[in-house]
Amino acid sequence: MEVSLRVLPVDPVDRGTQRIRLGPGLMSSLGLRLGCPVLVALSGGSCLCSAWPRPDLADGFIQIDMKCCSPNLITKTVTPTYLTLSTHPGPTSSPLPHSPTSASPSLSITPVSCPKLKAIRVTVVVQCVEFRKTTSSSFIHELVKDMLKGMHVYNKHVIDVVDYDTDIKLIVIESLNPDSLEAGLVTSKTGVEIMGTRTLRHYRGQLEEQPRCPLGGLEEVSACLRELLRLPLLYPSTLCSLGLSCPRGVLLVGPPGVGKTLLVRRLVREVGASLVTVRGAEVVGSRPGESEERLRAVFGQARAAAEEGPCVLFLDELDSLCPRRTGSSAPENRLVAQLLTLMDGVDQSQRFLIVGATNQPESLDPALRRPGRFDREVVIGAPTVQQRFSILSLLCQAMPVCASVDLAELAKRTTGYVGADLSALCREAAMLAIQGNTQSSLEQVITMDHFTSALKMVLPSCLRSSVGQTDCPAVSWEQIGGLEEVKLKLQQSIEWPMRYPEAFLRLGLSRPRGVLLYGPPGCAKTTLVRAAATSSHCSFLSVSGADLYSPYVGDSEKTLAQLFRQARACAPSILFLDEVDSLIGSRSEGNAPQSAQTRLLSVLLNELDGVGFRTLERRGTEQMLQAEGVVEPHQQEQLEYHQVCNKEVMIVAATNRPESLDSALLRPGRLDQVIYVPPPDLQARVSILQVCTQRMPVDGDVSLEELAGCTENYSGADLENLCKEAALLTLQEDSMEASSIKHQYFLQALQRMTPSLSVQQLQTYKQLFR
Amino acid sequence: MEVQGFEGTNSGRRTPSAVTGSARKVKDNAADWHNLVLKWDRLNDEGSTIANKIVNLGLSKDSHVNMMMECEETSAPSSSQNAFGNSNELEETCDNLLRVVEKMDHILSKMEKLVSSEQGIINLETFQYGTGGRQIPLFQTWPTSQFAEVSSKLYEAYNQELTLKRAIVQELAHTTNPDLSMVYLSCWLYQPYIDDSVKLLLEGLLLETGHRPS
Amino acid sequence: MSKSTLLSLEQVLKTCFQSLETNQKVWNSVLLECTPLMGSLGNLGEQLRAFQKVKIANSPLHTFPDLHERLHFKLVQAVDIVLGKLTDKMCSLQQVRDAISNQVSRAFQLYEQNVDTLDLTTVTQRSAITPSIADMLEWLQDSEHYYRQQFLRRKNLFQTLRSDDVSLLETVSQRWESLGSPSGEERLSDIQHKVSFFVESQ
């Protein structure tokens, strides 16, 4: 039987009396007597009330005073206007609400027996910390006892005692004695034990359900950080007895999107500390002194929170808050000084930890980074292959992903993607899957195709706004005709080390650091590199002279260094320097010793074999190679190989004036693989023509071999042009309706053109490096 | 709890007492002390009321002056008259307070006499028994010199208190700072120099001389 | 059977309401006695405030030795004396509260012992002069709740009083008055009126 009851607000008279007002008819049908304790199960929680008939004895209404209810009902303020009561045959029925199939939320009322309790344990929630300080614990005990006396309480419920008008706002029932009881009556003989006092803010903060955020690939960093958080926060006395001073500041450094903020939030929840968050911009105010005041207030807040448990003060975007001090009167200077003072003022006994996060550590004031302030610096780099794999698997857990999706492959192909990028990628893939399936609302599955298309849309954020970022179309080896030898060499030196690093490692083969492609113009050097990049699935950064030039002194060098940094951040990657001769030239050619080109050259030389990585660019940790588990899937192992062997940047340069290059660039260890891309020979020309005419309707009489024979010294680009000319001629001579290109037009076009390469030019190329 | 006036020299002797000589004198002195202190306390309460009145008058005069400044001449004659009446009344009350202080002074002089009387008893004893004084205490345990000590300590306390009260009387009507007036009043009422030790000494004296049932 | 238990229950309720009335008078008289004490606390608070503001060393009284300490001691002592008197009053209030609690819980116990013979229709039956058992039990509970709440509030305020918290002392009088709940009192007298016929009937 189901009864629909109209919910009315509680009478002011009934407030704080724990009564549930029901119609007498309903009460007798439920077998309730006056003041009988009942457990009222609502959607989302339950509350313990005592049943009373309505004064007007009308049925069909319900009024509930939620003085004693489960914690999740405390924050709820909205109550539905109608509740459906399902009456159960007996008191044995479950107190849980039924599945919400009916229109109005359901409700069940079950009488519970409330024997007298021997003892009860409670936590007291007070308005402010001062109360705890000024009031003796014995008086709090007395108050709580008086408040609870005569009440029916339910285990783990929260009792609202606001109407007593004291600083005690809530009493949380932690456990009952005897243990077997779920509910009971507190009498004057019931012992009340107060487990602790907390402030309302703290308690509410704990109640708030934060969405659980998956965190993948940050295990090591989080373990390191967890230790830092746990030790001083949870075991301060141990550290004290060892005579250690706990670190009180941790600086998280890493590019945007790697999950610094997420990590801190997650860890804080895990450790059970309270979190005070400051974003740089929130603190900065316009009036002089305002920012400092706010900063002090935040520290005060953290200090107050720290008094009732571990606390973490999280300064997000620290670089905006504390830029390097410059000049003498900038307002930021005062803010930095204030922060320094506050950090120094944090007492060892105050149990709070300051965590700063930044993506530009070099723009922070150096005084902040000395020991005693931010003692520890934890670097979170862009995720490695394995980290990406674990992030992806975490992200895909919640998604209906097709079994064919190879996450390992995906992880390999998402070099330079940070956590945020990967989640954007998954979202994009899911969107694509939805768009594709709108018509058939069948089960929606995300396939590998969706991911591949999403890969084109979501670019790694560390490459955004980079000069080298190019939108290069995918080129396959087959699209380049001829040059089989060169292709093989390129595959050897670029594609293989990128794709099969483990094989290189096995044979003790060191991979080339850089490759120089030279050869006459128009012989598909750029296309070759593109094909290599496409097939080795790594980040591809391409830059040419024009990208780098800038009218400002030092700007070009900075851009180049930045380019290398980005390339390293998303390693393995290929950095392609097109027209490298125009970029840097040679020192010997009588350039002024301090010209931009010379400086660029020295930057390039430095970056090519500089000493190690910068700390900021550190990624992952070195112990990756030690297999942790005994039985690890083969795939995983392979990923590890990839990760360890493959963290370098391959530099590929192309030029058609190799003689003007500085010789220092070409020595081993820099651009040590020099590949000559010759003009196509007869065989190559045939295949180039084949590739070019693949999409052209060519007449049967066209002999590509003959054409190839007549095009000595034609470059690949020339041949492509020739085909175009022939097609245009066909349209010009025949008509717009022409359906095929005749041989004669090819010949005509040939007559109009001259080869772009000359014999002696080729001779010089051949003699070079021989 | 209060013992309302012991039989002392002031109130005539109706009940013949067993003790005689020095003991008799000391006992009477103790009763006198008690009575004088009671009188003093009564005067103090009286003075406190008067002092309160003075402060209130002073404050209202102040506010009056302020009001006059605000509303210039509109109500000048009446208010000036009022102020005049006020100041008349103030003067009268101050005189009352002065009279209270005079009475206190009178009590103090009696106290001084008591002290010198105790001193005389000691001198007598030195004359009778030599410098070591009497071997058997007059009452229960106190040597004779202690009565004189207690008396002079009590006298000192009341003397200091009276000096304070004189100072208060002089300043009370002239101060414009309400907080300071308040402090004067509390000083008058709570008699900071008559502390618990004074009360204790007096109680000890009464107990020793047998005025209080031990 | 049901009739006799009903009668005995009604008898208990009657005595309950009677004692409630007497206790209410006691409660009010004690509260009345508290008012002047609270007033003197406020007065002392003012004196302490003035005392804190004035630097005796800068006043005409600077010649008097350790006047500052002595006066402070005296004032604090006075506060303590008043607080001591108030403690006695709080005890009386507590006695009233406990008496009421005991009465009410006794009435409830009697009801619960006889709950089998008193069905819901019986206990919700009311007439022109006799309120229903349910009503009266509810009123008793309300009254008890009122006294408990009032006592707790007053005790809470009383406990926070300290001779060194001057600002609290100054405002204690108003606060004490503000603790009273006019609506609660109204309800109490309302209840008394409602049961007056019943209590006087034989």
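An unreviewed UniProt entry lists chain A under the name AAA+ ATPase domain-containing protein, with Umbra pygmaea given as the organism.

Chemist: Which parts of the structure should I look at to understand the overall build of chain C?
Modeler: The number of helices and strands found in chain C is six helices and zero strands. When the helices and strands of chain C are placed in sequence order, the string is α-α-α-α-α-α. In chain C, which comprises 202 residues, the proportion classed as buried is 32%. Of the contacts made within chain C by residues no fewer than 6 positions apart, 85% connect residues no fewer than 24 positions apart.

Chemist: Just checking my understanding: could you explain the packing of helix α2 (residues 67-113) of chain C against helix α4 (residues 133-160) of chain C for this structure?
Modeler: When two helices pack together, their arrangement is given by the angle between the helix axes and by the axis-to-axis distance. Residue and element names in this part refer to chain C. Where α2 meets α4, the axes come as close as 10 Å, and the angle between the chain directions of the two elements is 155°. With respect to α4, the element α2 is oriented roughly antiparallel. Every pair of crossing elements has a handedness; the one defined by α2 and α4 is left-handed. Across the interface between the two elements, L86, M90, L93, Q94, V96, R97, I100, S101, V104, A107, F108 and Y111 from α2 touch L137, L140, Q141, S143, E144, Y147, R148, F151, R154, K155 and F158 from α4. Looking at side-chain class alone, the contact of α2 with α4 contains 14 nonpolar, four polar and five charged residues.

Chemist: Please explain the interface of chain C and chain A as it appears in this structure.
Modeler: When the parts of a complex come together, some accessible area is lost, and that lost area is often taken as the interface size. Contact residues are listed per partner, giving 21 residues for chain C and 22 residues for chain A. Sorting the residues of the side of chain C that touches chain A by element identifies α2, α3 (120-123) and α4 of chain C as the ones contributing at least two each. At 14 residues, the largest contribution of residues to the side of chain C that touches chain A is made by α4(C). Considered class by class, the residues forming the side of chain C that touches chain A number eight nonpolar, seven polar and six charged.

Chemist: When you look at the sheet that holds strand β18 (residues 352-358) of chain A in this model, what are you seeing that I'm missing?
Modeler: The strands that make up a sheet are held in pairs by hydrogen bonds between backbone atoms, and each pair lies either parallel or antiparallel. All names here are of chain A. Judged by pairing direction, the sheet is parallel, and its five strands sit side by side in the order β16-β17-β18-β15-β19 without closing on themselves. Looking at strand neighbours, the two that pair on one side only are β16 (274-279) and β19 (376-379), the edges of this open sheet. The average angle at which neighbouring strand axes cross in this sheet is 20°, direction not considered. Note that strand β17 (residues 311-316) and β18 share five bridges and pair parallel. From the neighbouring strand, C311 faces β18, where its bridge partner is F352. On the sheet, helix α8 (residues 260-271) packs against β15 (249-253), β16, β17 and β18 and is oriented at approximately 160° with respect to β18.

Chemist: Teacher, can you tell me more about the pairing of strand β12 (residues 168-177) of chain A here?
Modeler: Consecutive side chains along a regular strand alternate between the two faces of the sheet. Residue and element names in this part refer to chain A. For strand β9 (residues 119-126) and β12, the ladder comprises eight bridges, and the chain directions are antiparallel. Bridge pairing in β12 links V125 to L170. Inspection of the sheet shows strand β11 (residues 158-160) paired to β12 by three bridges, in the antiparallel sense. From the neighbouring strand, D160 faces β12, where its bridge partner is L170.

Chemist: How should helix α13 (residues 385-397) of chain A be read in this particular structure?
Modeler: For an α-helix, the turn length of 3.6 residues means that residues three or four places apart are oriented alike. Under the 1.5 Å per step criterion, the end-to-end length of α13(A) is 18 Å for 13 residues, consistent within 8% with the ideal 18 Å. Buried within α13(A) are the following residues: V385(A), Q387(A), R388(A), F389(A), S390(A), I391(A), L392(A) and L395(A).

Chemist: Is there a simple way to think about the sheet that holds strand β20 (residues 514-518) of chain A in this case?
Modeler: All names here are of chain A. The parallel open sheet is built from five strands, whose spatial order is β21-β22-β23-β20-β24. Edge positions in the sheet fall to β21 (539-543) and β24 (673-676), since each has one partner strand and no second. Across the sheet, the mean angle separating the axes of adjacent strands is 20° when strand polarity is ignored. Two elements, β21 and strand β22 (residues 573-577), share five bridges in a ladder whose sense is parallel. From the neighbouring strand, S542 faces β22, where its bridge partner is F576. Docked against the sheet, helix α17 (residues 484-499) engages β20, β22, β23 (649-655) and β24, running at close to 160° with respect to β24. Across the face of the sheet, helix α19 (residues 525-536) comes into contact with β20, β21, β22 and β23 while running at roughly 165° to β23.

Chemist: Sorry if this is basic, but what is going on with unusual backbone geometry here?
Modeler: Peptide bonds are trans in most cases, and residues, glycine excluded, mostly fall at negative phi. Residues and elements named next belong to chain A. Cis geometry is found at the peptide bond from N177 to P178, where omega equals 0°. With respect to the helices, strands and loops of the structure, P178 is situated in the loop between β12 and β13 (183-185). Non-glycine residue L57 carries a positive phi angle of around 60°. Along the chain, the position of L57 falls in the loop between β4 (45-53) and β5 (61-64).

Chemist: Looking at this structure, I do not really get the environment of V172(A). What am I missing?
Modeler: All names here are of chain A. Along the chain, V172 falls in strand β12. Between the C-alpha atoms of V172 and K156, which are 16 residues apart in sequence, the distance is 6.6 Å. Those residues within four positions of V172 in sequence are excluded, and the remaining contacts are V122, T123, V125 and V158.

Parameters at a glance
- Residues numbered from 1 in each chain as written.
- Chains lettered and ligands numbered in written order.
- Predicted model: local features only at pLDDT ≥ 70, side-chain atom pairs only at ≥ 80, totals over all residues.
- Helix = DSSP H or I, 4+ residues; strand = E, 2+ residues; numbered from the N terminus.
- Buried ≥ 20, exposed ≤ 12 C-beta atoms within 10 Å, placed from the backbone.
- Contact = placed C-beta atoms within 7 Å.
- Axes fitted to C-alpha atoms, helices over the stretch in contact; angles between N-to-C directions.
- Parallel < 35°, antiparallel > 145°, perpendicular 65-115°, else oblique.
- Left-handed = near helix turned anticlockwise from the far one by under 90°.
- Nonpolar A, V, L, I, M, F, W, Y, C, P; charged D, E, K, R; others polar.
- Pairing = 2+ DSSP bridges.
- Expected span 1.5 Å × (residues − 1).

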